[in-house]
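The primary structure of each chain is shown beneath.
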Amino acid sequence: MKKNIWMGILLFGFWMLLTFTLDVFSFFIGLIVVCFVLWFNRDLLLNESETDLYSYKGFVQLVKFFIVLLKEIVVANIQVAKIVLDPKMPIQPSFFKYPIKLRKPLNQVIYANGITLTPGTLTIDVQDDYFIIHALTDSAKNGLFNSDLENAANQLEDYHE
Amino acid sequence: MDMIKNSVVILLLLGGLFFFLVGTIGLYRLPDVFTRLHATTKSDTLGAGLIILSVMIYMGFDIIVLKLFLVLMFIWITNPTAAHIISKAVYHNDVINKEESNDV
């Protein structure tokens, strides 16, 4: 029940942001639509073990992760641009297994998407304790191990242990 | 003051266009599905980011800036998810030959 209320507040805030008016009519339309959306998606809402992100500390860690991710995206994008525009196109494509410490499904999803966003690496499959990753070059492959992004992702889970 | 703002906007726009161009060239030049996914998905993240950032600066303080930020967040969530699903489907259906795979 508690998670429904939090999600409802979030959705209603989003509605107010999109309409950005304060008249009674749009207020009530929003209320009805939020209730309907909550009922419609009752199976998809985050369950109790995944609500870490609503807590203050979890949110701070997530923001830190995104700052590291942003830096990685810019640096690595320039490297991929160099490779693509190089007339000889020096690529060494390969698949490899990448062991992960993260256990919670939500954190795994965030980290897998983070790896795909950083150029040169692409998450293909998520297993219990490893990802299958496709790397565009050997340097992209080696750059993934012990990277800043890996540390930031591990801290997503470590902070409450 | 206006000139500085406009030149920053134009620089960011050109940067965004450059990365979209790199993505398209990569799509054309790279050899197989996975490497092509690299080029198209990656340049979208930074290309769209730079272009939306330039629009944000152009608009200044406005509610639209917040909406643009949300648009960017949705792009950055859906983009890797779609790339992941495409690559997973190809990987498990053996459409390509996996000769180059060395570890898995």
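In case you missed it, the structure is sitting above this.
So, here is what we can say about the structure in this document. Treat the numbers as computed from the prediction; the structure is a model and nothing was measured. (Residues numbered from 1 in each chain as written. Chains lettered and ligands numbered in written order. Predicted model: local features only at pLDDT ≥ 70, side-chain atom pairs only at ≥ 80, totals over all residues. Heavy atoms only, no water.)

It is worth spelling out the overall build of chain B at this point. Broken down by element type, chain B carries three helices and zero strands. Put simply, chain B has 104 residues, and 38% of those count as buried. When contacts within chain B are restricted to residue pairs at least 6 apart in sequence, those whose partners lie at least 24 apart make up 66%. With an accessible surface of roughly 6,100 Å², chain B has 73% of that area assigned to carbon and sulfur atoms. (Helix = DSSP H or I, 4+ residues; strand = E, 2+ residues; numbered from the N terminus. Buried < 20%, exposed > 50% of the residue type's maximum accessible area, 1.4 Å probe, protein only. Contact = heavy atoms within 4.5 Å. Areas by Shrake-Rupley, 256 points an atom, 1.4 Å probe, with all protein chains shown as cover.)

How big an interface is tends to be expressed through the accessible area that disappears when the partners come together. Tallying the contact residues gives 37 residues for chain A and 36 residues for chain B. Summing the contributions of chain A and of chain B, the shared interface buries around 3,300 Å²; its carbon and sulfur component is 74%. Our count for the chain A to chain B interface comes out at nine residue pairs in polar contact (both at pLDDT 80 or more). Looking at the side of chain A that touches chain B, the elements that each hand over two or more residues are α1 (2-19), α3 (56-85), β1 (94-99), α4 (105-117), β2 (121-126) and β3 (130-135) of chain A. A total of eight residues in the side of chain A that touches chain B trace back to one element, the largest contributor, which is α3(A). In terms of residue class, the side of chain A that touches chain B is made up of 24 nonpolar, nine polar and four charged. (Buried area = accessible area lost by both parts, 1.4 Å probe. Polar contact = N/O pair within 3.5 Å; in protein donor to acceptor, adjacent residues only side chain to side chain. Nonpolar A, V, L, I, M, F, W, Y, C, P; charged D, E, K, R; others polar.)

Turning to the packing of aromatic side chains, a few remarks are in order. Tallied over the entire structure, the rule returns 12 aromatic pairs over all chains. Judged by centre distance (6.2 Å) and plane angle (40°), the rings of A:F36 and A:W39 are tilted. Residue A:F36 and its partner A:W39 are both found in helix α2 (residues 24-40); the two are separated by three residues, about one turn of the helix. With a centroid separation of 5.1 Å and 90° between ring planes, the pair formed by A:F95 and B:F34 is classed as edge-to-face. Note that A:F95 is positioned in strand β1 and B:F34 in helix α2 (residues 33-59), a pairing that runs across two chains. Taking NZ or CZ as reference, A:K97 lies 4.8 Å from the ring centre of A:Y130, over its face. (Phe/Tyr/Trp six-rings, centres within 6.5 Å; stacked < 30°, edge-to-face > 60°. Lys NZ or Arg CZ within 6 Å of the ring centre and 35° of its normal.)

In this section: the layout of surface pockets. Over the atoms rolls a probe the size of a water molecule, and in doing so it shows where empty space is left. Of the voids in this model, the largest pocket is the one considered here, and its volume is about 1,900 Å³. Along the wall of the largest pocket there are 41 residues; nearest its centre are A:L62, A:F66, B:M73, B:F74 and B:I77. Going through the elements one at a time, α1, α3 and α4 of chain A together with α2 and α3 (63-93) of chain B are the ones with two or more residues in the lining of the largest pocket. Looking at the lining of the largest pocket, the element that brings in the most residues is α3(A), giving 11 residues. (1 Å grid on protein atoms, 1.4 Å probe; cavity = no way out; pocket = protein on both sides within 12 Å on 5 of 7 lines; lining within 4 Å. Points joined across faces, edges and corners; volume = space filled by probe spheres on them.)

Glancing now at the environment of A:L144. All names here are of chain A. By secondary structure assignment, the location of L144 is in helix α5 (residues 138-144). With a relative accessible area of 5%, L144 lands in the buried category. When residues no more than four places from it in sequence are discounted, the contact partners of L144 are F96, Y98, I115, T121, I133 and E150.

This brings us to a nonpolar patch on the surface. Residues and elements named next belong to chain B. Taken together, M1, I4, V8, L53 and I57 make up a surface patch of nonpolar side chains, about 480 Å² in accessible area. Among the secondary structure elements, those contributing two or more residues to the nonpolar patch are α1 (2-29) and α2. By secondary structure assignment, the location of L53 is in helix α2. (Patch = residues over 30% accessible without salt bridge, like charges linked within 9 Å, V, L, I, M, F, W, Y side chains within 5 Å. Salt bridge = Lys/Arg side-chain N within 4 Å of Asp/Glu carboxyl O.)

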